[in-house]
Structures are given as structure tokens and as C-alpha cells.
Amino acid sequence: MATKAGSLGNIYRRFKPQLLMVLAQIGYTFLYFITEASFNHGMNPHVYITYRHIVAGVVMFPFAYFLERKVRPKLTLALLLEIFVLSLLGVGLTLNMYFASLRYTSPTFVASMVNTIASLTFVMAAVLRIEVLDLRNRRGMAKVLGTLISLAGVMTMTLYKGPIMRNLWHPVIHIQGNTATHENWLKGSILTIASCITWSIWYIMQAFTLKRYPAQLSLTTWMSFVGGAQSAVFTVIIEHKPAAWAIGFNIDFWSIVYGGVVVSGLIIFFQLWCTEEKGPVFVTMFNPLSTILVAILAYFVLGEKLYMGSVLGAVIVIIGLYMLLWGKEGDQDVHNNSQEQPCLTCKEQKDNKILLITSADKEVSQCEP
């Protein structure tokens, strides 16, 4: 039993980042449905972003304060400025552009474009040499091919619809409300592309910030409070109706609580931990999973249309994701070898020292009368 428990523990430790990122994408999947219901109910998206991150900051603060008292570095003016920019890229600017783009395009288009963040992050990380990339071995080639294949899958889901798959039964849940969009595809596309670029920069910047501030809970809390404040200023500028800030004990309240506690709190903490362990490319490569899960649940639960192009693109994305993860395992092997090498060198030095001492003793014994 002890051996079995130990082997399970080893498997868990080895695949802990993958497990956390899968759980994160499941969390994002439920976020899509609960926010859609809330927005259809009349919730202002920018007010939602503000409240959501204030809730996240309040919930995460006690954990960050007590659990990271000994490891939390001292804040400097330069570090505060860095956190301000990080919060702007991850919350204040990016999320507001993302939700604004939903007004002018369609949720399917925006969700598909967000999946390009993985490829953008990979290119940025490779240029900045954050990502280990050796095209001379199989694992290095697998990371490049996996990224390209995943991007091809995303493009397939976006550009190719194909025949509609027939619904097998009536929808279980109906989300009612005003779902009309004011179509302005040029403006919406520009906002979507801009949000994807700033999102990618945010993931890259996290890797640098965590080296100077290796306290994931505290960094999550700071980003929540600062990002919430930035979003509040932006919302006050564009939304002049005080009634927009009023929420009742209904779907609006629960969407804010879920988005704050689970997404902006727990999931961001998971992502920061995985970024420090595996790098920003690893984190972003799981993004297409939420799109796939949303399409599946929307088809089976809500009765939404599912096209063959989405199914085909999902299969291609999963193949590319598997190739990238296999290639990323090579990074871990290199990391382990670099840690073991000094130990081997020390052992060799120790063996050589013992050998020299033994030889010296023999020479002394031979010289004695």
C-alpha cells in the first residue's frame, strides 16, 4: 500500500501543472455560461470586471498576508510600477477590450481568436529566449509543430463551419435575455486582436515579474486590487448611469462571486504557479480546451448549433497540444540534468579525493622502514 501511495504521489507531482491547467480551463468554461446569463440579464460588462476583481482581492488578501509573510519580497517603487503595468495588461485594459469586442462581433469569433494567444506567446517567448527551443532534437521540433498544428486547428474552428450536427435531444437549459449585438466587425476585430496581443504580453511579463516577486498569492491579490481600480476609473468615464452599478441577489451577484473567487482568484494563482514552474507558453497552450468544452456543453445542454468544422478543429487542437506537451517534457529533463550535474561532479571530486588519499597512504607505507 505504501509503495502504491508513493507511486501515485510521484505521478501527481509530475503531472500537477497539467492537472491544474485542465482544472483552470474547466473553470473558464463555466465562467462563459454564467457571464453570458448575467450579461443577458442586463449586467454591464465593465462594472462586472470591476466588482469581480474587487471580490478576488478581498478573498485572496488573508491567504496572501498570512501564508507568504516570510517569502514575500519588500515592495519598491519600481516593483509597484511593474505590478501596475501587469494589472493594466491583464485586467484594466485587456478584459475591457475583450468584453467591448463582444458588442460588435460574435462570441464564437472572439472565443476562437483568443486561442491565438498561445501562438503569439510562443513567438514572443522564443524571441526573448524565455522558451527553450532547440530545433536540432525531436522535442524542440515537436514544440514548433505542436504550436503550428494548434494554430491550424484554431483557424479551422474559426474559418470553416461545415455541416450542422443534428441535436440528439431538446436543450436542458434555456438562457433567455437580450442577445442582440451591434455588429461592427472592423471595430470589434481591432479590439479583439488588440486584447489578444496585450494578453500575450501579460503572460510573458508574468515570467519576469515572478523572478523579482516570487509570491504568487500576493501577486494575485495586488493584480486584483490594482486591476479593479483601473477598471473602475475606465467604467466611470464611459458609464454615466449610477443605476449600472446596482446589482441584486440574482445571477449578477453569483456571476461576480464566481468570477472573483474562482477565476480572478484561484485560477490566476494556478496560472502564476504554472508560469513559474513551466513557463508562459505551457499555460497558454491549454486555452483551446475551454473553447472545446464550451462548444460541447452548449451543444448538449443548451441546444446550440455545433458545426463539423468545430469538431474537426477541436481534434486538430488536441493533437497539437499533445505534441507541445511532449516537447515541453524535454525542458524538464534538461532542468533535472542541470540540477543533477553538480551533484555528479561533487561525487566525482569526492571519489578522486579518496583515491588520492589512498594512494598517498600507500606511498607513505612503502617508504616506512
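Residues numbered from 1 in each chain as written. Predicted model: local features only at pLDDT ≥ 70, side-chain atom pairs only at ≥ 80, totals over all residues. Heavy atoms only, no water.

Draft legend 1. Structural view of the overall build of the chain. Of the regular secondary structure elements, the chain holds 13 helices and 2 strands. Within the chain, the fraction of its 369 residues that count as buried is 43%. Within the chain, counting contacts between residues at least 6 apart in sequence, those at least 24 apart form 89% of the total. Summing over all exposed atoms, the chain offers an accessible surface of approximately 20,300 Å²; the carbon and sulfur share of this is 69%. (Helix = DSSP H or I, 4+ residues; strand = E, 2+ residues; numbered from the N terminus. Buried < 20%, exposed > 50% of the residue type's maximum accessible area, 1.4 Å probe, protein only. Contact = heavy atoms within 4.5 Å. Areas by Shrake-Rupley, 256 points an atom, 1.4 Å probe, with all protein chains shown as cover.)

Draft legend 2. Region of interest: the side chain of S119. Its place among the elements puts S119 in helix α6 (residues 117-127). In this structure S119 touches T147 and L151, once residues within four positions along its chain are discounted.

Draft legend 3. Representation of the packing of aromatic side chains within the structure. By the definition in use, this model includes 15 aromatic pairs. Plain terms: the ring middles of F39 and Y48 are 5.5 Å apart, the flat faces sit at 85 degrees to each other, and that makes the pair edge-to-face. Residue class for Y48 comes out buried when judged on its relative accessible area of 0%. Centroid distance Y48 to F99: 6.1 Å. Interplanar angle 85 degrees. Geometry classified as edge-to-face. One end of the pair, Y48, is in helix α2 (residues 45-67); the other, F99, is in helix α4 (residues 94-101), and 51 residues separate them in sequence. Here the two residues Y48 and F99 agree in accessibility, since each one is buried. (Phe/Tyr/Trp six-rings, centres within 6.5 Å; stacked < 30°, edge-to-face > 60°.)

Draft legend 4. Layout of the packing of helix α8 (residues 185-212) against helix α10 (residues 251-278). Where α8 meets α10, the closest approach of the two axes is 9 Å, and the angle between their N-to-C directions is 70 degrees. As summarised for this structure, α8 and α10 are arranged roughly perpendicular, according to the angle between their axes. Judged by the twist between their axes, the crossing of α8 over α10 is right-handed. Residue-level contacts link W202, Y203, Q206, A207 and L210 of α8 to I268, Q271, L272, T275 and E276 of α10. Looking at the contact of α8 with α10 residue by residue, the classes come out as 6 nonpolar, 3 polar and 1 charged. (Axes fitted to C-alpha atoms, helices over the stretch in contact; angles between N-to-C directions. Parallel < 35°, antiparallel > 145°, perpendicular 65-115°, else oblique. Left-handed = near helix turned anticlockwise from the far one by under 90°. Nonpolar A, V, L, I, M, F, W, Y, C, P; charged D, E, K, R; others polar.)

Draft legend 5. Structural detail: the pattern of salt bridges. Summed over the entire model, instances satisfying the criterion amount to 1 salt bridge. Measuring nitrogen to oxygen at the nearest pair gives 2.8 Å for the salt bridge that ties R212 to E82. Within this pair, whereas R212 is found in helix α8, its partner E82 is found in helix α3 (residues 77-92), the two being separated by 130 residues in sequence. By relative accessible area, which is 14% here, E82 ends up buried. (Salt bridge = Lys/Arg side-chain N within 4 Å of Asp/Glu carboxyl O.)

Draft legend 6. Local environment of the side chain of D252. With respect to the helices, strands and loops of the structure, D252 is situated in helix α10. Not counting the four nearest positions on each side in its chain, D252 is found in contact with S38, H41, M43 and I247.

Draft legend 7. Region of interest: a nonpolar patch on the surface. A cluster of nonpolar side chains, contributed by Y12, L19, V22, L23, I26, F30, L293, I296 and F300, occupies part of the molecular surface with about 730 Å² of accessible area. Only α1 (2-41) and α12 (287-302) provide two or more residues apiece to the nonpolar patch. The dominant element in the nonpolar patch, judged by the number of residues it contributes, is α1, at 6 residues. Structurally, the position occupied by L19 is in helix α1. (Patch = residues over 30% accessible without salt bridge, like charges linked within 9 Å, V, L, I, M, F, W, Y side chains within 5 Å.)

Draft legend 8. Representation of the environment of P288 within the structure. For P288, the location among the structural elements is in helix α12. By relative accessible area, P288 is classed as buried at 3%. In sequence terms P288 and A111 are 177 residues apart; their C-alpha atoms lie 8.8 Å from each other. Setting aside its immediate chain neighbours within four residues, P288 contacts N115 and V317.

Draft legend 9. Structural view of α4. Most of α4 is tucked away, with 8 of its 8 residues classed as buried. Taken as a whole, α4 has its buried residues at T94, L95, N96, M97, Y98, F99, A100 and S101.

Draft legend 10. Spotlight on the confidence of the model for the chain. Summary statistics for the chain give a mean pLDDT of 80 and a share of 81% for residues scoring 70 or more. Summarising per-element confidence for the chain, the mean pLDDT is lowest in helix α13 (residues 308-367) (58) and highest in α2 (95). Considering only residues more than four positions removed or in separate chains, one finds that residues 177-182, a stretch of pLDDT under 50, has 8 contacts. Note that pLDDT drops below 50 for residues 338-369; the model gives that stretch 0 contacts with residues more than four away or on any other chain. (pLDDT = per-residue confidence, 0-100.)

Draft legend 11. The nonpolar core, seen in detail. Counting residues in each nonpolar core, the largest one holds 53 residues, and the members touching the most others are M21, Y48, W199, W202, L219, M223 and F286. By residue number, the principal contributor to this core is α10, which donates 8 residues. Apart from residues lying up to four places away in sequence, L219 is in contact with I83, L86, T209, L210, Y213 and L272. The next biggest cluster of nonpolar side chains, apart from the first, holds 5 residues, and it includes V154, I292, A314 and V317. (Core = buried A, V, L, I, M, F, W, Y, C linked by side-chain atoms within 4.5 Å.)

Draft legend 12. Spotlight on unusual backbone geometry. Positioned with a positive phi, R129 is a non-glycine residue whose angle comes to about 60 degrees. Locating R129 in the fold gives a position in the loop between α6 and α7 (138-159).

Draft legend 13. The environment of S189, seen in detail. Examined against the element boundaries, S189 turns out to sit in helix α8. It is 7.1 Å that separates the C-alpha atoms of S189 and S101, two residues lying 88 residues apart in sequence.

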